[in-house]
Amino acid sequence: MMTPKEIKEIRVLLNKLNDEELIALKDTVTKRQIAVEDRNDATKAIIEYSSNAAELLRRRKIRRDLLFQYLVSKSIIVAPNAEKHVLVRSILTYWGSQLPADGNLTDIASDTCLANPASVRSNSATAADSSQTTSVQAANLNRLGQETPVTGGSHPNSESQVMGEKFVIWFYKLLNAENPLVSGAAEANFGPQHFWDNCSLRIISMTQNSSDETFTGSMLVSQRLKALVREEHLLFNPNVSKEGVRTTTSPYGLFMVMVCGTIHQHNNCLGVFEQMFGIVRDPSTDNSWKIKVTNLRVISGQTNTIPRIRETADQEMLAIAGASMPSPVGMPE
């Protein structure tokens, strides 16, 4: 038996399914024993024939991306690469639902109807990406790219993409740790040592009070970024995936990374952000990578979908790379 709140919120979730997906879920839940005439009847049957909210959320046809979008719409912070069972637990906790006695929130293996092949591939890829992401949480900027050759051009499906995602994980884990409300903030080590002395930062805020700020120098840049999380209590939630991270390289050595995601303050989702980085090796520090340029754009407003990188990302990154490291005069082609 479900509570009124569970029924209300489940209707919101089921409304995100198209007609074919909703009927397929109804067939799975009712074992094809109930005929329906419309979406309302199908939704009613799904709710009535589900033992509890946890059982329904564990169905394979309740896809991970639907759960993530739901949590974002409720301003509940979760990692974009979190596995489905983590999202299920977050939703049940938000609803005040009872968790299974055995604590198992993984997908029900006994679904009798075939799942959408695209969904199966998506879930498998998500699990693999999540496993890989977890293994690189402690990646050090000094080691990034030591074994990854960086060649020119865009890298949507290469080892450079993996490097870009590792960089994103490293950067935001370090920056978010400066937030005093985050566990482990005292261990943060975010500072000017990660930036070139002549680096630059541009912050464009598209909010009620729009602004466009520019900072130069490793100290000012690191302090301004740190202030966003330490003083304004912001948290950055990057979309660490091929849809949320794009990489490319300029002809003169800058490795470019663009990432998008959601930005949060306390329990509120403020909107989305997009940040571009240009990093280059420093031969004086064991050939480690340092940030040469970074541009941050913040857009306030309600977010109901997972942010994705824009199609013009490559051109924008190369344009900024060219402005940051212009080609030397007289250099032969």
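Residues numbered from 1 in each chain as written. Predicted model: local features only at pLDDT ≥ 70, side-chain atom pairs only at ≥ 80, totals over all residues. Heavy atoms only, no water.

Student: Give a detailed account of the confidence of the model for the protein, specifying residues and quantitative values.
Tutor: Of the residues in the protein, 77% have a pLDDT of 70 or more, and the chain-wide mean is 78. Long-range and interchain partners of residues 109-140, a stretch whose pLDDT sits below 50, account for 32 contacts in this model, where long-range means more than four residues apart. A low-confidence stretch, residues 328-333 (pLDDT under 50), is modelled with two contacts involving residues beyond four sequence positions or located in other chains. (pLDDT = per-residue confidence, 0-100. Contact = heavy atoms within 4.5 Å.)

Student: Which residues make up the packing of aromatic side chains, and what are the values?
Tutor: Applying the stated criterion across every chain yields a total of 14 aromatic pairs. Members of the aromatic cluster, each reached through a chain of ring pairs, are F167, W170, F171, Y172, F190, F195, F236, F273 and F277. Just above the ring of W196 sits the side chain of K290; from NZ or CZ to the centre is 6.0 Å. (Phe/Tyr/Trp six-rings, centres within 6.5 Å; stacked < 30°, edge-to-face > 60°. Lys NZ or Arg CZ within 6 Å of the ring centre and 35° of its normal.)

Student: Talk me through the packing of helix α1 (residues 4-14) against helix α3 (residues 39-48); I want residue IDs and the actual numbers.
Tutor: In the contact formed by α1 and α3, the axes pass within 11 Å of each other and the chain directions differ by 130°. The orientation of α1 relative to α3 falls into the category oblique. In this structure, α1 crosses over α3, and the sense of that crossing is right-handed. Here I7, I10, R11 and L14 of α1 lie close against α3, whose contacting residues are R39, N40, T43, I46 and I47. For the contact of α1 with α3, a count of residues per class yields five nonpolar, two polar and two charged. (Axes fitted to C-alpha atoms, helices over the stretch in contact; angles between N-to-C directions. Helix = DSSP H or I, 4+ residues; strand = E, 2+ residues; numbered from the N terminus. Parallel < 35°, antiparallel > 145°, perpendicular 65-115°, else oblique. Left-handed = near helix turned anticlockwise from the far one by under 90°. Nonpolar A, V, L, I, M, F, W, Y, C, P; charged D, E, K, R; others polar.)

Student: I'd love a proper account of the pairing of strand β6 (residues 255-265), names of residues and values included.
Tutor: Most of β6 sits out of view: ten of its eleven residues are buried. Where strand β4 (residues 234-238) lies against β6, five bridges are found, and the strand directions are antiparallel. By the bridge assignment, L234 is partnered in β6 with Q265. Pairing analysis gives five bridges linking strand β5 (residues 245-249) to β6, with the strands arranged antiparallel. Residue pairing for β6: T247 is matched across the bridge by V257. Between β5 and β6, which follow one another and run antiparallel, lie five residues, and G253 among them has a positive phi close to 105°. Relative to strand β7 (residues 268-282), β6 runs antiparallel, the two sharing eleven bridges. Considered in β7, the bridge of H264 is made with C269. (Buried < 20%, exposed > 50% of the residue type's maximum accessible area, 1.4 Å probe, protein only. Pairing = 2+ DSSP bridges.)

Student: Can you tell me about the side chain of E178, naming the residues and giving the values?
Tutor: Structurally, E178 can be placed in the loop between α8 (159-176) and β2 (195-206). Engagement of the side chain of E178 in a polar contact is seen with the backbone nitrogen of F190, the distance being 3.5 Å. (Polar contact = N/O pair within 3.5 Å; in protein donor to acceptor, adjacent residues only side chain to side chain.)

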